[in-house]
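Observations on the three-dimensional arrangement
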Amino acid sequence: MNTPVIGVLALQGDVREHLIALAAADAVARPVRRPEELAEVDGLVIPGGESTTISKLAALFGMLEPLRERVRAGLPVYGTCAGLIMLADKILDPRSGQETIGGIEMIVRRNAYGRQNESFEATVEVAGVGPVEGVFIRAPWVESVGAETEVLAEHGGHIVAVRQNNALATSFHPELTGDHRMHALFVDMVRAAS
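Bear in mind the structure is a predicted one, so any value in this text is a computation, not a measurement.

**Re unusual backbone geometry**
Backbone geometry at Asp26 places phi at a positive 70°, although glycine is not the residue there. Among the structural elements, Asp26 can be located in the loop between helix H1 (15–24) and strand S2 (28–32). You will see that Arg138, though not glycine, has its phi angle at about 45°, which is positive. Within the fold, Arg138 resides in the loop between strand S8 (130–136) and strand S9 (141–145).

**Things to note about helix H4 (residues 64–72)**
Leu64, Leu67, Arg68 and Val71 are the residues of H4 that are buried. Here the buried residues of H4 occupy an arc of 100° about the axis, which is enough to place them on one side. Buried-residue contacts for H4 involve strand S1 (5–9), helix H2 (35–38), strand S3 (43–46), helix H3 (51–60), strand S4 (77–80) and helix H5 (82–87). Downstream of H4 by one or two residues, Gly74 has phi in the positive range, about 105°.

**Let's talk about the UniProt feature "binding site: L-glutamine" (unreviewed entry) in the protein**
Taking the numbering used here, the UniProt-annotated feature "binding site: L-glutamine" (unreviewed entry) corresponds to Gly49, Glu50, Ser51, Arg110, Ile137 and Arg138. Spatial clustering of the annotated residues is evident: they stretch over 90 residues in sequence, but the largest pairwise C-alpha distance comes to 12.6 Å. Put simply, the named residues that line the largest pocket are Gly49, Glu50, Ser51, Arg110, Ile137 and Arg138. With respect to the helices and strands, Ser51 occurs in helix H3. Accessibility expressed as a relative area gives 3% for Ser51, which makes it buried. Residue contacts for Ser51: discarding those within four places in its chain leaves Ala82, Ile85, Met86, Gln98 and Arg110. For Arg138, a relative accessible area of 30% translates into the label partly exposed. The contact partners of Arg138, leaving out residues within four places of it in the chain, are Glu50, Cys81, Asn111, Gly114, Arg115, Gln116 and Ser119.

**As for the layout of surface pockets**
If you add up the space inside the largest pocket, you get close to 170 Å³. As for the largest pocket, its lining consists of 14 residues, of which Gly49, Glu50, Cys81, Ile137 and Arg138 are closest to the centre. Residues that form the lining of the largest pocket fall into these classes: 6 nonpolar, 5 polar and 3 charged.

**Observations regarding the UniProt feature "active site" (unreviewed entry) in the protein**
Sites flagged by UniProt as "active site" (unreviewed entry) map to Cys81, His173 and Glu175. A compact arrangement is adopted by the annotated residues: their sequence extent is 95 residues, whereas the largest C-alpha distance between any two is 11.0 Å. Residues that both appear in the annotated list above and line the largest pocket are Cys81 and His173. With respect to the element layout, Cys81 can be found in the loop between S4 and H5. With a relative accessible area of 4%, Cys81 lands in the buried category. The residues contacting Cys81, other than those within four sequence positions of it, are Gly48, Ile137, Arg138, Ala139, Pro140, Thr170, Ser171, Phe172 and His173. Examined against the element boundaries, Glu175 turns out to sit in the loop between strand S12 (167–170) and helix H6 (181–193). A polar contact of 3.4 Å, which involves the side chain of Glu175, links it to the side chain of His18.

About the cut-offs
As a convention, each chain's residues are numbered from 1 in the sequence order in which they are written. The model is predicted, so local features are restricted to residues of pLDDT at least 70 and side-chain atom pairs to those at 80 or more, both for listing and for counting; the totals for chains, interfaces and linings are taken over all residues. Values shown for side chains rest on all heavy atoms present in the structure; no hydrogens or waters enter the calculation. Each helix is a run of H or I in the DSSP string that is no shorter than four residues. Each strand is a run of E no shorter than two, and both are numbered from the N terminus. The classification of residues rests on relative accessible area computed with a 1.4 Å probe and restricted to protein chains. Under 20% of the type maximum is buried, over 50% is exposed, and intermediate values are partly exposed. Working note: the arc is built from the helix axis to C-beta atom directions. Contacts: residue pairs with any heavy atoms within 4.5 Å of one another. UniProt positions are given in the numbering used here, feature names are shortened, and annotations may be inferred rather than shown by experiment. In this analysis a 1.4 Å probe is tested at points of a 1 Å grid over the protein atoms alone, and where it fits but cannot get out there is a cavity; an open set with protein on both sides within 12 Å along at least five of seven lines is a pocket; lining residues have an atom within 4 Å of a point. Grid points are joined across faces, edges and corners, and a volume is the space filled by probe spheres set on the points. Three categories are distinguished: nonpolar for Ala, Val, Leu, Ile, Met, Phe, Trp, Tyr, Cys and Pro, charged for Asp, Glu, Lys and Arg, and polar for the others, with Gly belonging to the last. Whenever two N or O atoms come within 3.5 Å, that pair is a polar contact, provided that in protein one can donate a hydrogen and the other can accept it, and provided that, for residues adjacent in sequence, both atoms are side-chain atoms.

Okay, structure coming up:
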């Protein structure tokens, strides 16, 4: 596969920025809102936004179960910020009715770094990628991981990037920086999986 087709879950969040970053990383990028669109992609990005809203909209649009099935079947998936929360097996402090897709054996804490006005940027050393400028916006962190989950980066003593099999997740937003190396890593994962 030379040019993989990678979807961005387009229910809520920073969809456009991911589409641009994926295209810059040599993928065909397209928005995904319905199960039939999900069936046509080789990989999927779950963007940042509001995890409770994404969860509720995924259920409303009939996407929650198809997403779970594809991820369980090995669909390469990359979640940023709220997307990291969506890929967690467990949320420490879920909102009422909030569900996840799962796929990464980890426990996450929502809004762990504080409120919107406490958002910040920091350089994060990501294993296999190098130093990346991380944009943390009401960001979660990973409290703990399972034996199969590889920790790729930490910031301030907290896990902020992980990988498990075909699933990748970051607490931060690489799509907002113009540095497309995290997206390139994901595109390579998608190529390797097919």
